[in-house]
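Inside the fold
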Amino acid sequence: MMQSYNGRAKIFSVILLVIIITVIYSNFTVMDNQINENGKIEEDSILDILIDYARTAWKYFKPGVGVNPNTGLHYAKITWHGFTDWDLGSYILAILHASDIGLIDVEGEWGVRYRIEKILNFLINRKLKDGIPYWAYNADTGEPYTTRRLTNPSDSGRLLIALYEIKKRFPDYANIVDYIVYN
């Protein structure tokens, strides 16, 4: 079972890489008009294109699309309304970085703080087994997706990195993050 999963993961990674290369390569035709007299692509043009990609990708995290509008928790993928600690860490980092490039505001409904507070509230209240998180949780209910399997260290590590980023950017959440991590 593990070998087939790893094989599929490798195939998926290669396909994703091919798609990314294809999308970037296809945009060089768009960028042809933005080459300066030295034959170099203007950096602002590349940045604009990358921000457009980010804007498109961020649409997934719109409430009702890839985020449950009631719980504020995200779906690991559109066809599965569950998420692991790794997925949650990735979502937190996506929120922070989306703010960095101006895709969302820090304040306001569905801004950074609103989303982070929903996530922190979930983490404070989520069910654990002997102090260990379950493998996945249901984004619609906040309940464990399965009670037969617990999380793994790499998933927890990704979430811990994201929680540390919250503490660095928003010191007023430090006590809450410490409570989540140490209790």
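Quick note: structure is the one above.
These lines cover the structure that appears in this document, whether it is placed above or below. (Residues numbered from 1 in each chain as written. Predicted model: local features only at pLDDT ≥ 70, side-chain atom pairs only at ≥ 80, totals over all residues. Heavy atoms only, no water.)

**Thoughts on a nonpolar patch on the surface**
A grouping of Ile124, Ile176 and Tyr179 is seen on the molecular surface, where their side chains present a nonpolar patch of about 250 Å² in accessible area. Following the sequence through the fold, Ile176 ends up in helix H6 (residues 174–182). For Ile176, a relative accessible area of 31% gives the class partly exposed. (Patch = residues over 30% accessible without salt bridge, like charges linked within 9 Å, V, L, I, M, F, W, Y side chains within 5 Å. Areas by Shrake-Rupley, 256 points an atom, 1.4 Å probe, with all protein chains shown as cover. Salt bridge = Lys/Arg side-chain N within 4 Å of Asp/Glu carboxyl O. Helix = DSSP H or I, 4+ residues; strand = E, 2+ residues; numbered from the N terminus. Buried < 20%, exposed > 50% of the residue type's maximum accessible area, 1.4 Å probe, protein only.)

**What to know about the packing of helix H4 (residues 112–125) against helix H5 (residues 153–169)**
For any two helices packed against each other, the geometry is given by the interaxial angle and the distance between the axes. Where H4 meets H5, the axes come as close as 13 Å, and the angle between the chain directions of the two elements is 130 degrees. Our classification of the angle between H4 and H5 gives oblique. As H4 packs across H5, the resulting crossing turns out to be left-handed. Here H4 contributes Ile116, Leu120 and Leu123 to the contact with H5, which in turn contributes Leu159, Leu163 and Ile166. Among the residues making up the contact of H4 with H5, the classes are represented as six nonpolar, no polar and no charged. (Axes fitted to C-alpha atoms, helices over the stretch in contact; angles between N-to-C directions. Parallel < 35°, antiparallel > 145°, perpendicular 65-115°, else oblique. Left-handed = near helix turned anticlockwise from the far one by under 90°. Contact = heavy atoms within 4.5 Å. Nonpolar A, V, L, I, M, F, W, Y, C, P; charged D, E, K, R; others polar.)

**Observations regarding the packing of aromatic side chains**
The final tally for this structure, using the stated rule, is twelve aromatic pairs. When the ring of Trp110 is compared with that of Tyr114, the centres are 4.9 Å apart and the planes differ by 70 degrees; the resulting orientation is edge-to-face. Looking at Tyr114, the relative accessible area reads 26%, which means it is partly exposed. An aromatic cluster of three or more residues is present, and its members are Trp58, Tyr60, Phe61 and Tyr91. Note that Arg158 overlies the ring of Trp86, its terminal NZ or CZ placed 4.9 Å from the centroid. (Phe/Tyr/Trp six-rings, centres within 6.5 Å; stacked < 30°, edge-to-face > 60°. Lys NZ or Arg CZ within 6 Å of the ring centre and 35° of its normal.)

**Section: unusual backbone geometry**
Negative phi values dominate among residues other than glycine, just as trans dominates among peptide bonds. Of note, the phi angle at Trp110 is positive, near 65 degrees, even though the residue is not glycine. Following the sequence through the fold, Trp110 ends up in the loop between helix H3 (85–100) and H4. Although it is not a glycine, Asp130 sits at a positive phi angle of roughly 55 degrees. One can find Asp130 in the loop between strand S2 (128–129) and strand S3 (132–133).

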